[in-house]
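# An overview of the molecular structure
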Amino acid sequence: MTDPVAAAPSAVDAGHVFDDTGVSVSSLRDAGAALAAESARFAGFGWMPGTAGNLSVTLARDPLRLAVTASGLDKGELTAADIVLVDDRGEWVTDAASPEAFTADLGLASKPSAEAGLHARIARVAGAGAVIHVHALAAVRAGHAWPDGVVLHDLEMLKGIGHSAHGERVVIPVVQNHQDMRVLGDDFERVYQPSTPDAAEVPALIVASHGIYAWGADLRQARWHLELTEALLQIALATR
Ligand SMILES: CSC[C@@H](O)[C@@H](O)C(=O)COP(=O)(O)O
Ligand SMILES: [Zn+2]
């Protein structure tokens, strides 16, 4: 009998394309390596205790395809293989041509993050190229203190999330926690204000009693938005 993995050279072919979106094995592996490194950074900050937190990068837009971290793993110990390709609902995308070939090698037998659906919604609605979710303390505390949104103004670091240091009122939106990502996604869409000629978007969302999502055009910008927002929230709490 033919060994299905041995019979599927695409499993080890970095140029293999998963579906009609142009997402290749090598691009998924590269995304996995980048997300693992970024995840280790935030785990080191104590922002991803246990298996908390998840990250994604957008690999294709039409149809939407995201590389998202696998569920239930220690986010300080991820490898490039701990990554799953998902669609616009956060559902696992498999490869119709040879699904059995994409298991151990790429970790595609893993389940996508339980929160992949919200990542996909943020990628679609805000056009994010990368989304990071952590359970950082100031975000959770600020969500408790200001359940209708955290108002920030006259802080130098607002410039780092696309706003003015002075004379602008910036609101970090807060939504209630929910285990259904469709509900969280709808709540995100309700509070999200896209950029206009007069005001930039706010690239962060607090989920009350849970954590924070931040995003950007790419992974590095998402990291900057996350770190700056958490620092701004620390200042807001310390000066109230
Ligand atoms: C360890 S509790 C945190 C989880 O329930 C969840 O909120 C989380 O952030 C991680 O979920 P995951 O499915 O591993 O991506
Ligand atoms: Zn979480």
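About the criteria used
Residues numbered from 1 in each chain as written. Chains lettered and ligands numbered in written order. Predicted model: local features only at pLDDT ≥ 70, side-chain atom pairs only at ≥ 80, totals over all residues. Helix = DSSP H or I, 4+ residues; strand = E, 2+ residues; numbered from the N terminus. Buried ≥ 20, exposed ≤ 12 C-beta atoms within 10 Å, placed from the backbone. Contact = placed C-beta atoms within 7 Å. Pairing = 2+ DSSP bridges. Near = placed C-beta within 6 Å. Nonpolar A, V, L, I, M, F, W, Y, C, P; charged D, E, K, R; others polar. UniProt positions renumbered as here; feature names shortened; annotations may be inferred. Core = buried A, V, L, I, M, F, W, Y, C linked by C-beta atoms within 7 Å. Arc of directions from axis to C-beta.

Helix and strand content of the protein chain: five helices and nine strands. Secondary structure elements in the protein chain, listed N-terminal to C-terminal, are α-β-β-β-α-β-α-β-β-β-α-β-β-α. For the protein chain, the proportion of its 240 residues judged to be buried stands at 44%. Taking all contacts inside the protein chain whose residues are at least 6 apart in sequence as the whole, residues at least 24 apart take part in 67%.

Attention shifts here to the pairing of strand β3 (residues 83–86). Side-chain alternation along β3 places I83 and L85 on one buried face and V84 and V86 on a second face that is also buried. Across four bridges, strand β2 (residues 64–69) lies against β3 in antiparallel orientation. Paired with V68 across the bridge in β3 is V84.

Most of helix α2 (residues 116–126) is tucked away: nine of the eleven residues are buried. For α2, every residue scored as buried is listed here: A116, G117, L118, H119, A120, R121, I122, A123 and A126. Of the surrounding secondary structure, the elements contacted by the buried residues of α2 are β1 (54–61), β2, β3, β4 (130–134), α4 (181–191) and β9 (211–216). Of the residues trailing α2, G127 is marked for its positive phi of about 70°.

Before going further, it helps to examine the site of ligand 1. Taken together, G50, T51, A52, G53, N54, S71, G72, S113, A114, E115 and H133 make up all the residues around ligand 1. Here the residues of the shell around ligand 1 are counted per class, giving two nonpolar, eight polar and one charged.

As annotated by UniProt and renumbered to match this structure, "binding site: Zn(2+)" (unreviewed entry) occupies H133 and H135. Here H133 lies in strand β4. The residues contacting H133, other than those within four sequence positions of it, are G53, N54, E115, G211 and Y213. On the secondary structure map, H135 appears in the loop between β4 and α3 (137–145).

Let's shift gears to the nonpolar core. With 66 residues, the main nonpolar core has A67, I122, V131, I206, I212, Y213 and W215 as its most contacted residues. Ignoring sequence-local partners within four residues, the contact set of W215 consists of I122, A126, A128, A130, V131, P203, A222 and H225.

Attention now goes to α3. Residues lying three or four places apart along an α-helix face the same way, a consequence of the helix completing one turn every 3.6 residues. By the burial criterion, the buried members of α3 are A138, A139, A142 and G143. Seen from one end, α3 has its buried residues packed into an arc of 135°, which puts them on one side. In the core, the buried residues of α3 are packed alongside β5 (150–152), β7 (174–175), β8 (204–207), β9 and α5 (219–238).

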